[in-house]
Amino acid sequence: MEKNEIHIIYGTNPRNMVYDVLTQAHIAAKLRPGMHIGIKPNLVVAKPADSGATTSPQAVEGVIQYLQDNGIENITIMEGSWVGDSTKQAYKVCGYAAIAKKYNVHLVDLKDDQFSKKTVGDLELKICNQALSVDFLISMPVLKAHCQTLITCALKNMKGCIPDSEKRRFHSLGLHKPIAYINKALAPDLIVVDGMCGDLTFEEGGSPVQMDRIFLAMDPVLMDTYAASLLGYAKEEIDYIAIAENIGVGSGDLSQAKIYEHHVEAKNNHTFRPSNRARQLAAGRVTAQAACSACYGSLIHALQRMSENKTLPAVKQPIYIGQGFRGKARNGLGIGQCTSKCRQFVKGCPPAAKDIVDFLENPHFTPN
Ligand code: SF4
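Quick look at the structure, then. (Residues numbered from 1 in each chain as written. Predicted model: local features only at pLDDT ≥ 70, side-chain atom pairs only at ≥ 80, totals over all residues. Heavy atoms only, no water.)

### Description of the sheet that holds strand 13 (residues 286-288)
- Strand order in the open sheet formed by four strands is 13-14-15-16, and the pairing between neighbours is parallel. Strand pairing shows two members of the sheet lacking a second neighbour, strand 13 and strand 16 (342-346), which therefore form its edges. In this sheet, adjacent strand axes meet at a mean angle of 30° when their direction is disregarded.
- As judged from the three bridges shared by strand 14 (residues 319-321) and strand 15 (residues 330-335), these two strands associate in the parallel manner. Bridged to Ile321 within strand 15 is Ile335.
- Contacting strand 13, strand 14 and strand 15, helix 12 (residues 293-309) crosses the sheet at an angle of about 155° to strand 14. (Pairing = 2+ DSSP bridges. Helix = DSSP H or I, 4+ residues; strand = E, 2+ residues; numbered from the N terminus. Axes fitted to C-alpha atoms, helices over the stretch in contact; angles between N-to-C directions. Contact = heavy atoms within 4.5 Å.)

Following this line, the structure appears as structure tokens:
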């Protein structure tokens, strides 16, 4: 397989599809006996894959079976869930603890790992040592929507390989530039995208859309450009794709890509478009500055719940969220510890969606 190739396989059995597409792309030619291989899924929250938030454990099984059938014994699954969520809980809920036992592979919570500093351009990045130490890194993102960056796929998946403090800092840096830069310091060797059922409204799942496909690529810029186009976006609309291309992470030139489709008879021919529900809920209500994904996701979920409960019109004051409001007085409602100088705020870092609902429906509410 070459760096300008994208393979897409269609179907409904992710384990068999992954095994098949790895075989068709001759990935075994890239493996050496004794290699230590890392698999980095997207387990942003502790929700099963059918929620649309996390990588299918069956897809990961397909990779492990393929690697083991080709003589690879040293395999580590590694992830660090988003700020405020437990990776270990995600490993249990998403079926990864069972897989690790069944195939005798290592399971690492990158939140427990030490980090090394890497400099890319004018940015110093902290990256978890276990992710840096493997001989071959396989990134396994879910193709889904993101309420701050529009989509999340290969480039953004690497954000799970940094400490929580660094995740918060990424948001304070505007997210796009550090997402692009981390891929210069820690490039995946192979990308297997779970495009079976991603959430095209919320990153953290709950509104899954059945897409029934797996993508294989080596270039994260090419992969994300293709993924963006599938969802109706040009690469220029996703800032981190353009930045990554500019600093030489890869190429977003789809005209030079070789695209191979497998099992087209099983193709789900629907058109997939992200919902702009998250933006609708925030429009005219929310002012965000450097908000962490988990915090912003909780707020959007809370607003969605209030919309369903028909309590949203009662929120008359502006809502502030994000690290940009630390120490800044605002005459409105604050979400999370960073907004403690707002006239009223809900505690938590990040606060739970339920606490946000209770607070916005009754601003005098204070969670325990
Ligand atoms: S309160 Fe929210 S925005 Fe602030 S650091 Fe915590 S999670 Fe991030």
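### Some points on unusual backbone geometry
- In this model, Cys349 is joined to Pro350 through a cis peptide bond whose omega is 0°.
- In this structure, Pro350 sits in the loop between strand 16 and helix 13 (353-361).
- We note that Leu175 has phi near 70°; this positive angle belongs to a residue other than glycine.
- Among the structural elements, Leu175 can be located in the loop between helix 7 (164-172) and helix 8 (176-185).
- We classify Leu175 as buried; its relative accessible area is 4%. (Buried < 20%, exposed > 50% of the residue type's maximum accessible area, 1.4 Å probe, protein only.)

### Regarding the site of the ligand
- Near the ligand the following residues occur: Arg168, Cys292, Cys295, Gly322, Gln323, Arg326, Gly336, Gln337, Cys338, Gly348, Cys349 and Pro350.
- Considered class by class, the residues forming the shell around the ligand number five nonpolar, five polar and two charged. (Near = heavy atom within 4 Å. Nonpolar A, V, L, I, M, F, W, Y, C, P; charged D, E, K, R; others polar.)

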